[in-house]
Number of protein chains: 2
Amino acid sequence: MTFGKATAIRQSADSRHRRHFGFNATRDAIMSTARAIMREDGVGALNLSEIARRMGMKTPSLYTYFDGKHALYDALFREGWRAYAARTRALAERHGATLGVLEAAIEDYMRFADENPDLYALMFERPVPGFVPSPESIAEAAALLEELYARMGGLIDAGAVRSGLDAHETSELFLAVMHGLTALKRANEPNAAIGTGRFGSLVPAAARLLRAAWQGDETGGGRP
Amino acid sequence: MTFGKATAIRQSADSRHRRHFGFNATRDAIMSTARAIMREDGVGALNLSEIARRMGMKTPSLYTYFDGKHALYDALFREGWRAYAARTRALAERHGATLGVLEAAIEDYMRFADENPDLYALMFERPVPGFVPSPESIAEAAALLEELYARMGGLIDAGAVRSGLDAHETSELFLAVMHGLTALKRANEPNAAIGTGRFGSLVPAAARLLRAAWQGDETGGGRP
């Protein structure tokens, strides 16, 4: 009966865990454990039995909290978008409708990626073949994108941005610059501090590039 | 003795394979099989026993061709850089030292990624935790980067690019724009044709952005 006994001990650890910390806290702990594994082994390497092992739970008990691995990825995707949306909205509020927001947004995106490489990969790359975020999670991301379109439209209407493109296209181009600098920084020098290195040092230059193209009031040659 | 018999049959399939196709052809076939798996399951999901299974070989036989999984990744990384370098050099030759090369290079980078999503991820992202390319492979990539720096330096010296940055920084910024547009296209709409979709349609706009910022001879508002 060794098997039965071990199961009983683990079950009691599970219930102890639940009694002690409550449903939501255990759910949060599972998500934190998943993130630690994703940071160590890659976002695609998530494995429910490894999560259970690290938490001293049985693998089937995880299904009390998540309907499987893709549901866990989905919860992390949504958590990432909520965290990123909160800081982006705060930043937009701080900078208002000025082009200064561009440089701040690029730096903040890079900082978010450096601080949350696992969530960043899940949100902005496609590291898990077959994982499709749920409609609720996509709505979370889409809402923030709509806000970007609206803010960019405001800058275009006010004449602060003259890109010759509509608000959507101008926004996508801005995203491309922001994402490209960050993605190459992550791939080439993940541990370099922002402000240093091949790509981490170019946040102000990327913002200047956009201002020179869209405002035309600073040609490259002028500024250092 | 069923086990012994199965082994004997597989060994004979291995030698048949070798006799039939030769060492290099078998090595190429292993790399093709690896690429197929990477495209299906993600770049990080490569698994030697799955390669062996698909090829009707024994897993240990793979070690005749590659010193392990990371050596296989390294060979694919190098193959990717060779293929990409060949087309980039041809493109640079075709366009010479004109800014028209920028748009052609962005489109070609996106096309390379669409055609070789597995190699692209291995070369330009960091999908395999712990995999570090060999010095020989890194030299292959570094040589192409040096060529980009030299060509960009030529454009700056000729006054065709006025970025206010040195040749290295200007090149990194160009890479960021090119990579960002492609990375977001890959993540959001991998199957969209180039020229269509949120990001795939913006190759000319990205090139115009760079020309407007660096040549100052077209402000955004002018062109459609």
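Residues numbered from 1 in each chain as written. Chains lettered and ligands numbered in written order. Predicted model: local features only at pLDDT ≥ 70, side-chain atom pairs only at ≥ 80, totals over all residues. Heavy atoms only, no water.

J.: Would you explain the overall build of chain A in this entry?
T.: Scanning chain A for helices and strands turns up nine helices and zero strands. By sequence separation, contacts in chain A at least 24 residues apart represent 66% of the contacts at least 6 residues apart. Of the accessible surface of chain A, which amounts to about 10,200 Å², a share of 54% is contributed by carbon and sulfur atoms. (Helix = DSSP H or I, 4+ residues; strand = E, 2+ residues; numbered from the N terminus. Contact = heavy atoms within 4.5 Å. Areas by Shrake-Rupley, 256 points an atom, 1.4 Å probe, with all protein chains shown as cover.)

J.: I would appreciate a short explanation of the relation of the copies chain A and chain B in the present structure.
T.: Relating one copy of the chain to the other takes a rotation about an axis and a shift parallel to that axis. Its rotation angle being 180°, the transformation that places chain A on chain B also includes 0.0 Å of axial translation and leaves an RMSD of 0.0 Å. In short, the pair behaves as if placed about a two-fold rotation axis. Across chain A, the smallest distance between a C-alpha and the rotation axis is recorded for Gly-180 of chain A, namely 1.7 Å. (Least-squares fit on C-alpha atoms with pLDDT ≥ 70 in both.)

J.: Any chance you could explain the packing of aromatic side chains here in plain terms?
T.: Within a pair of aromatic rings, the relevant descriptors are the distance that separates the centres and the angle that separates the planes. All names here are of chain A. One pass over the structure, following the stated rule, counts 24 aromatic pairs over all chains. A centroid spacing of 6.4 Å and a plane angle of 55° characterise the contact between Phe-77 and Trp-81, whose relative ring orientation is tilted. Residue Phe-77 and its partner Trp-81 are both found in helix α4 (residues 69-95); the two are separated by four residues, about one turn of the helix. There is no split in this pair, since Phe-77 and Trp-81 are both buried. Here the aromatic rings of Tyr-84 and Tyr-109 are separated by 5.9 Å at their centres, their planes lie at 75°, and the arrangement is edge-to-face. One end of the pair, Tyr-84, is in helix α4; the other, Tyr-109, is in helix α5 (residues 100-115), and 25 residues separate them in sequence. Each member of the pair, Tyr-84 as well as Tyr-109, carries the same accessibility label: buried. (Phe/Tyr/Trp six-rings, centres within 6.5 Å; stacked < 30°, edge-to-face > 60°. Buried < 20%, exposed > 50% of the residue type's maximum accessible area, 1.4 Å probe, protein only.)

J.: Looking at this model, I keep getting lost on helix α7 (residues 135-157) of chain B. Mind explaining?
T.: At 3.6 residues per turn, the α-helix brings residues three or four places apart onto the same side. All names here are of chain B. Compared with an ideal rise of 1.5 Å per residue, which puts 23 residues at 33 Å, α7 spans 32 Å between its outermost C-alpha atoms and is within 8% of the ideal. Among all positions of α7, only Ser-137, Ala-141, Leu-144, Leu-145, Leu-148, Tyr-149, Met-152, Gly-153 and Leu-155 are buried. Elements that come into contact with the buried residues of α7 comprise α4 (69-95), α8 (167-188) and α9 (203-215). Where α7 terminates, the next one or two residues include Gly-159, which has phi positive at roughly 80°. (Expected span 1.5 Å × (residues − 1).)

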